[in-house]
Amino acid sequence: MGAQQGKNIAVTRSSMPGFDEYVDEIRSIFEGRWLTNMGPKHQELERLLANYLGVPYVSLFTNGHTALEFVLQALGLEGEVITTPFTFVSTTNAIVRSGLTPVFCDVKEDDLTIDPACIEELITDRTSAIVPVHVYGSVCDVEAIGQIARRHGLKVVYDAAHAFGVQVNGCGVGSFGDASMFSFHATKVFHTIEGGAIATDDAELVRKLAKLKNFGIATPEEVEYVGGNAKMNEFAAAMGLCNLRHIDEYLAGRKAACDRYRERLGGIPGMRLIEPQQGVSQNYAYFPVIVGDEFGLSRDGLFDWLQQQGIGSRKYFYPLTSDFACYQGIGDGAHTPKARDAAARVLALPLYSELLPSDVDGICDIIEHAARS
Ligand SMILES: *Cc1c(COP(=O)(O)O)cnc(C)c1O
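Definitions and limits used
Residues numbered from 1 in each chain as written. Predicted model: local features only at pLDDT ≥ 70, side-chain atom pairs only at ≥ 80, totals over all residues. Heavy atoms only, no water. Axes fitted to C-alpha atoms, helices over the stretch in contact; angles between N-to-C directions. Helix = DSSP H or I, 4+ residues; strand = E, 2+ residues; numbered from the N terminus. Parallel < 35°, antiparallel > 145°, perpendicular 65-115°, else oblique. Left-handed = near helix turned anticlockwise from the far one by under 90°. Contact = heavy atoms within 4.5 Å. Nonpolar A, V, L, I, M, F, W, Y, C, P; charged D, E, K, R; others polar. Near = heavy atom within 4 Å. Polar contact = N/O pair within 3.5 Å; in protein donor to acceptor, adjacent residues only side chain to side chain. Areas by Shrake-Rupley, 256 points an atom, 1.4 Å probe, with all protein chains shown as cover. Pairing = 2+ DSSP bridges. Buried < 20%, exposed > 50% of the residue type's maximum accessible area, 1.4 Å probe, protein only. Phe/Tyr/Trp six-rings, centres within 6.5 Å; stacked < 30°, edge-to-face > 60°. Lys NZ or Arg CZ within 6 Å of the ring centre and 35° of its normal.

S.K.: Teacher, can you tell me more about the packing of helix 10 (residues 247-265) against helix 13 (residues 357-372) here?
M.R.: Think of two packed helices as two axes; the pair is described by the angle between the axes and how far apart they sit. Here helix 10 crosses helix 13 at 30 degrees, and the two axes come no closer than 9 Å. Judged by the inter-axis angle, helix 10 sits roughly parallel to helix 13. Crossing of helix 10 over helix 13 shows right-handed handedness. Facing Ala256, Ala257, Arg260, Tyr261, Arg264 and Leu265 of helix 10, the residues of helix 13 in contact are Pro357, Val360, Asp361, Ile363, Cys364, Asp365, Ile367 and Glu368. Residues that form the contact of helix 10 with helix 13 fall into these classes: 9 nonpolar, no polar and 5 charged.

Rendered as structure tokens:
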């Protein structure tokens, strides 16, 4: 048993290229002294990522959160934005920091993405956009969301931070809505240490984002927008170029771990797994389990038990963003019962590309022990 071997396992671990590979990649930065401001690495990574993600344009940013704030500004949104409270706090923070009011919508029980059936009743004459989240790499009901948006003249910006490389019937997940945000944070499937991007098919939007992330500067003597500074630097882009070369290995490692989790945990009473969606490729970004009443322990009990055995896990997402102190009085969590139930029951288990199936066996032995107790 993993516990008896005393092997501590963290919930996540960054994927890394070889040290020499990264050093080779940054050599030209030292020689050329072009460290940031849309240099050669930045340009190459934007081109390669657009190709990999299957989208017309990619605009790189310092991180995913900032990318989301900038695209909300670029789209000129006002008033209310319909979104999900079952997400990382970044999504809601980006909306509120952009001067917009989040209106919280419930999620679907199966994949925990925003429920299109609940969106329309939340639309008012102040609504300007929908910001859904592709939770754990499961894709939102993009068809239904697109129809609602068209019917009511709303913009759609997807938080695709979890959905790097996911394809829907062969189509890149970043092709839906007006724009999608990807995060390249160190813990994500693909990373640039810190980083993020907006994917879109709107050439005008990409040009605007390029200016906005560089202070709104159009030419040396003209500032067109009240922009900020959110440019990815060349060292981060170099890490991205290295990691993109290894993405297939990273995904294969994650898949092997996820396959073993499914085999081992699929039959445990009271433990629900998120099922892969029809026609949607998986990126194995997270391995969440939903702890039901039939399981021997509560979610919090399982979290504590794993921690005692040296196994990291994460209550992800918990609490709902609408429950954070800074959002008291905004929205009303009571209208999102499915999101609330999921937040109380979900636990993300350790997952990273180097997590071995034998490590997963150790973790599952510990979980089975808890189920029996
Ligand atoms: C990681 C993440 C973000 C923020 O991305 P950063 O690159 O860390 O700024 C936003 N939303 C979700 C759902 C995320 O998982």
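S.K.: Help me understand the site of the ligand, please; the structure alone is not making it clear to me.
M.R.: Close to the ligand lie 16 residues; Gly64, His65, Asp159, Ser183 and Lys188 are nearest. Between an oxygen atom of the ligand and a side-chain N or O atom of Tyr316, the distance comes to 3.2 Å. Considered on its own, the ligand offers 380 Å² of accessible surface; in the complex 93% of this is hidden by protein. Contributions of two or more residues to the shell around the ligand are made by helix 4 (64-74), helix 5 (89-97) and strand 8 (179-183). Class assignment of the residues belonging to the shell around the ligand gives a composition of 4 nonpolar, 10 polar and 2 charged.

S.K.: Can you help me understand the sheet that holds strand 9 (residues 196-200) in this one?
M.R.: Strands in a sheet are paired, the pairing made by backbone hydrogen bonds, and the direction either parallel or antiparallel. One open sheet accounts for 7 strands, arranged 1-9-8-5-4-2-3; its pairing is mixed. Because the sheet does not close on itself, it has two edges, and the strands there are strand 1 (57-61) and strand 3 (101-104). Each strand axis lies, on average, 25 degrees off the axis of its neighbour in the sheet, ignoring direction. In the sheet, strand 2 (residues 80-83) pairs with strand 4 (residues 127-131) via 4 bridges, with the strands oriented parallel. Paired with Ile82 across the bridge in strand 4 is Ile130. Contacting strand 4 and strand 5 (155-159), helix 7 (residues 142-152) crosses the sheet at an angle of about 150 degrees to strand 5. Where helix 8 (residues 203-212) meets the sheet, its contacts fall on strand 1, strand 8 and strand 9, and the angle it forms with strand 1 comes to roughly 15 degrees.

S.K.: Just checking my understanding: could you explain helix 4 for this structure?
M.R.: An α-helical turn contains 3.6 residues, so any two residues separated by three or four positions project in the same direction. Counting buried positions along helix 4 gives 9 out of 11 residues, so the element sits mostly inside the fold. Listed in full, the buried residues belonging to helix 4 are Gly64, Thr66, Ala67, Leu68, Glu69, Phe70, Val71, Leu72 and Ala74. Capping the start of helix 4 is the job of one residue whose side-chain oxygen sits 3.2 Å from the backbone nitrogen of His65: Asn63. Gly76 sits one or two residues past helix 4 and shows a positive phi near 65 degrees.

S.K.: Explanation requested: the pairing of strand 13 (residues 287-291) in the structure shown.
M.R.: The two faces of a sheet get side chains in turn, since along a regular strand they alternate between them. Across the 5 residues that make up strand 13, a large majority, 5, are buried. Where burial is concerned, the two faces of strand 13 agree: the one with Phe287, Val289 and Val291 and the one with Pro288 and Ile290 are both buried. In this structure, strand 13 lies alongside strand 14 (residues 346-349), joined through 4 bridges in antiparallel fashion. For Phe287, the partnering residue across the bridge sits in strand 14 and is Leu349.

S.K.: What is the right way to look at the packing of aromatic side chains in this model?
M.R.: Each aromatic ring pair is specified by the distance between its two centres and by the angle formed by the two planes. In total, this model carries 14 aromatic pairs according to the counting rule given. A centroid spacing of 5.2 Å and a plane angle of 40 degrees characterise the contact between Tyr286 and Tyr316, whose relative ring orientation is tilted. A residue pair is termed long-range when its members are at least 10 positions apart, and Tyr286 in the loop between strand 12 (271-273) and strand 13 and Tyr316 in the loop between helix 11 (299-308) and helix 12 (337-345) qualify at 30 residues. Each of the two residues, Tyr286 as well as Tyr316, counts as buried. One aromatic cluster is present, formed by Tyr52, Phe164, Phe182, Phe184 and Phe190 through successive ring pairs. The ring of Tyr318 has Arg299 sitting right over it, with the charged end atom 4.7 Å from the ring centre. It is Lys315 that lies over the ring of Phe303; its NZ or CZ is 4.5 Å from the centre.

S.K.: What is the right way to look at helix 11 in this model?
M.R.: Those residues of helix 11 that sit buried are Arg299, Gly301, Leu302, Phe303, Trp305 and Leu306. Gly310 sits one or two residues past helix 11 and shows a positive phi near 85 degrees.

S.K.: Just checking my understanding: could you explain the sheet that holds strand 13 for this structure?
M.R.: Read from one edge to the other, the open sheet built from 3 strands follows the order 12-13-14, with strand pairing classed as antiparallel. Because the sheet does not close on itself, it has two edges, and the strands there are strand 12 and strand 14. Ignoring which end each strand starts from, the neighbouring axes of this sheet average 35 degrees apart. Examined bridge by bridge, strand 12 and strand 13 share 3 bridges and lie antiparallel to one another. For Arg272, the partnering residue across the bridge sits in strand 13 and is Ile290. Across the sheet, helix 11 lies against strand 12, strand 13 and strand 14, angled at about 25 degrees from strand 14, the strand it touches most.

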